[in-house]
Amino acid sequence: MLTATVLSWLLFFVTAHAYETWHLVDLSQVICPKPTSSMTDAPEFPEYNLGINYTNELQVDAPHIVGFIRASKQAVSITFKIEDFYGEQVVPETTVELQEGSDAIPSACSCTNPNVPPEVSATYGVGYGSSCGKWDEARCGTLWGNITVGDWCCRSWCYATADCPDAYQSQAIPGQFFSYAACSVTHPPPSTCSWSEVQKKADPCTCKDQSSLFNAAMQAKFVDSYGSSCSAWDMVNCAANYRPDQVDTWCCANWCYVDKECPSAVASLNPGMEGVLYWSDNVCVDDPALMLQCPYQPQPNVSASDTSCDCLDATMPSELITSLGLDLTTYADYGRQCGPHDADVCDKTYPGADHAMWCCTSWCWVSATCPTARASTVWQGYYWSQEKCELNAEAVSGCKWESLCECRGQLPAGTFDGNGNFAADYGSSCSAWDSVNCKVVWGSDADSSWNTSSDHEWCCDSWCYVNEACPIAKKSWLGIGFYFSYETCDDPATTYNEQTDSCDPLRRLSARRRSGSFSSSRRSWSSGGSRRRSPYAASTSARRRSWSAPSTVSQRRRAPPPPAVRRRAPPPPVPSPTEGRRRSSSLSGQTFSTTPRRRATSSVEASLRRRRTIPETPYGYANRPHMMNNYGGTMPYQTPYGYTGYNAIPQQSSPNVAMYGAAGFVGGLGAAYMYNNMYSDSWGMHRRRRYGDFHNQNFCIVTDPGSRNGAFMACEQCYHLYGFSSCPSADSCRTATGCRYTTPQSYSRDELAATGFIPQAYTPPLKVIFTSITGQGIDTASICPPLTPADVALAEQFNRTMSFKPELFLVLSRQDVVEAVEQTGAGAATGFAPSAALLLMLVLPHLHK
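Source: prediction; values computed, not measured.

Thresholds applied
Residues numbered from 1 in each chain as written. Predicted model: local features only at pLDDT ≥ 70, side-chain atom pairs only at ≥ 80, totals over all residues. Heavy atoms only, no water. Helix = DSSP H or I, 4+ residues; strand = E, 2+ residues; numbered from the N terminus. Buried < 20%, exposed > 50% of the residue type's maximum accessible area, 1.4 Å probe, protein only. Contact = heavy atoms within 4.5 Å. Phe/Tyr/Trp six-rings, centres within 6.5 Å; stacked < 30°, edge-to-face > 60°. Lys NZ or Arg CZ within 6 Å of the ring centre and 35° of its normal. Polar contact = N/O pair within 3.5 Å; in protein donor to acceptor, adjacent residues only side chain to side chain. Disulfide = S-S within 2.5 Å. Pairing = 2+ DSSP bridges.

Caption draft 1: Local environment of the overall build of the chain. Of the regular secondary structure elements, the chain holds 22 helices and 36 strands. A burial count over the chain gives 54% of its 849 residues as buried. For the chain, the share of sequence-separated contacts (at least 6 apart) that also reach a separation of at least 24 residues comes to 72%.

In structure tokens form, the structure reads like this:
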């Protein structure tokens, strides 16, 4: 039986490579001319350095090498270096010529049909590897362990000549090489492989049904299927099931339960389930429209003295107002002060949204420091909030986008049983239901506040029962659980006469008309006292008033995150079938060593210079599954610089992608375009205003199946071109941990074997400095921002601005420690104390062909 230590390492073995992070390289900042400006307020153009922080999937105490993921199949030359936070050298300046991608196979590459030694045949089968065949398919789980299996188990291979581009040395038969390329023409990879399902089940990030672990409290609140698959499980009842300080936009996100070992796993928020249940939303794809209009927001405590949420009285640029399709005369004050600015034009201001009651709520432009501020999607760099704005009853009651405040009709039979003052149809439609005997019915009712107010004009006002979700609805005084609204109805021309307890003709202007008013034709708002003069009626507690308007999604608040880096011990050695010790060289036959150095501690800067020694560490790919899973299930070709895999990452793959700059996001993706857009002399003022502030640009990922699929685009443009549902926010991609990304095409992978280092020896974040990137596949015309007025006009005509198609990523590839380790002590002499390596041999009998 395997020990728990060995099993945990086996589980890590597959997650280490499966959940690496691709770091997006902004080609425009490396290959394009640096933008300049004559504008006096133009900031200094930021230095571009790609940033790499240490996250959960990174095994910081294992060797890693630098790799590149590229869309271009043409040769590319890259010059770069890597430093740590304190400027210490991690990888010296290196120039690599990534060769042209090709899957061509030399004619000399062929099977050798060697004599297979009896001991190999006895272990793996007669004729093992002597000709093209799926030699591992039948017993892949036994030979390699279910955690490391995959599509590669079903691929054909043979012992072949050293001329094969993917020829690697065999340890089972010394002097022989094995190759998959030798069989790829006559035995192409199968379309399906049963081991893929086994691999999926072993994946710690696969959604899990964890209902058997629910405690009594969870069983009472949630259905058994809660969290078992990707879904927005908390959309309906998030506010009821979680504390106000826990509720946020994650309530609208798709998520599921995963194993603790999943790198993106987060501990459950449910009491008693901490350390038992783990969930992840990184493994699921969100509904962009739902996330943009998520009704759940953080509930910060905004004091009455806090002025950060006061309306800014900011005037939106006229060019932007007209670009939204709004009449400048009517909407010149859009957002300046509190008002339902979108009540009549929500289809124009938010054409791709699900229009509902939020269109009719009141808001205004506020400071970014307002605790409830949300980034605007129509005016980049500005923020809005409803915090200091009262709902406009006229706009809400007549909202054309959602009829929550319409009369609901007659209440269920028996509602007024036992109360002779009310007929069965009481409140069923707009009418002055209390115009007769108002004082007789309500004068002694404590809830009516009859004796605390001299104004009883509400007796003559029309009203009806409405839906509970109506934002201006009040709870009935009768305690029957239904809600009413005066604002829904127009009032008759009468006035209340308390002496006769009746309503007389020729009443003065109705209470509702004399207070706050809204005119859709004049677009004017005025504030008065209460929206009506009726006595106070309590609304429901903890009731959501309305949906919020589409907004750039902010960073989701979750439970306290796991430690920045999960420290793991180096994996135990895995023996080959012919020897019980770790191999002394990598699969390629070459062994490289990390540079010995001392690791910095993690306290204050003074103690950062007190270091412990990390010795020179030989490394390389020591096993076939590790290498093949990094290269899409096949062996990479060997190159002078290391390895290359043509189309190693297929289209529609789902890697984790980060566009994180070492100097923050401004120094990361898009800075060249944003700077040019805001400050270059070639851009006119009207164009410049359209795209928002240089420091506050928001990006979305285009999921529309057209030519821009997979591109990062300014959200404002994306919404306009494709609608909200095709433009999920890329905000989480701007963090060190990155985001889920679906590849729009296949990518090739190259790894530089001689760039090894151990991350824990350096202080993060690492800084990757690019000197040059050149090659036939680097098209400056499509990558660089426009530099002349003519280029700007052309870019606008074809809408090329503020859109980036990912072409190049940097990745850190974990390597194996390959030095020989001699067994010593009683276990080595007697064999009665098996090491972890020997235990692994029971599951993984061999490393290499």
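Caption draft 2: Spatial organisation of the packing of aromatic side chains. Under the defined criterion, the tally for this structure stands at 46 aromatic pairs. Measuring from centroid to centroid gives 5.1 Å for Tyr242 and Trp250, while their planes differ by 80 degrees, and the two rings are edge-to-face. Trp250 matches Tyr242 in its accessibility class, with the two residues each being buried. Between the aromatic rings of Tyr719 and Phe724, the centroid separation amounts to 4.5 Å while the plane-to-plane angle is 45 degrees, which identifies the pairing as tilted. The burial state of Tyr719 is the same as that of Phe724; both residues are buried. Through a chain of ring-to-ring contacts, three or more aromatic side chains come together here, namely Phe214, Phe222, Tyr226, Trp233, Tyr242, Trp250, Trp255, Tyr257 and Trp279. Lys221 extends its terminal NZ or CZ atom over the ring of Tyr242, reaching a point 5.6 Å from the ring centre. Here Arg749 stacks its cationic end above the ring of Tyr631, 5.7 Å away from the centre of that ring.

Caption draft 3: Spotlight on the side chain of Ser435. Position of Ser435 among the secondary structure elements: in the loop between α12 (393-397) and α13 (438-442). A polar contact is formed between the side chain of Ser435 and the backbone oxygen of Ala432, at a distance of 3.0 Å. Residues contacting Ser435, with those up to four places away along its chain left out, are Cys459, Asp501, Ser502 and Cys503.

Caption draft 4: Structural view of unusual backbone geometry. In this model, Pro764 is joined to Pro765 through a cis peptide bond whose omega is 0 degrees. Examined against the element boundaries, Pro765 turns out to sit in the loop between β32 (747-757) and β33 (766-775). Not every positive phi belongs to a glycine, and Asn113 is a case in point at roughly 50 degrees. Structurally, Asn113 can be placed in the loop between β5 (89-98) and α3 (118-124).

Caption draft 5: Representation of the state of the cysteines within the structure. Across all of its chains, the model carries 23 disulfides by this definition. The disulfide that involves Cys407 links it to Cys464, with 2.1 Å between the sulfurs. Linking Cys407 and Cys464, the disulfide has an S-S dihedral of approximately -95 degrees and is accordingly described as left-handed. Here the residue Cys407 occupies a position in the loop between α12 and α13, and Cys464 occupies one in strand β15 (residues 464-466), the gap between them amounting to 57 residues. Under the relative-accessibility criterion, Cys464 is labelled buried at 0%.

Caption draft 6: The arrangement of the environment of Phe177 in detail. Note that Phe177 resides in strand β8 (residues 177-179). In this structure the C-alpha to C-alpha distance between Phe177 and Thr112, which are 65 residues apart in sequence, comes to 9.1 Å. Setting aside residues no more than four positions away along its own chain, Phe177 makes contact with Cys158, Tyr159, Ala160, Ala162, Ala167, Tyr168, Gln169 and Ser170.

Caption draft 7: Main features of the sheet that holds strand β26 (residues 637-639). Here we have 8 strands laid out as an open sheet, ordered β26-β27-β32-β3-β35-β1-β28-β31, and mixed in their pairing. The two strands at the open ends of the sheet, each matched to only one other strand, are β26 and β31 (739-740). In this structure, strand β3 (residues 64-70) lies alongside β32, joined through 6 bridges in antiparallel fashion. What sits directly across from Gly67, in β32, is Glu751.

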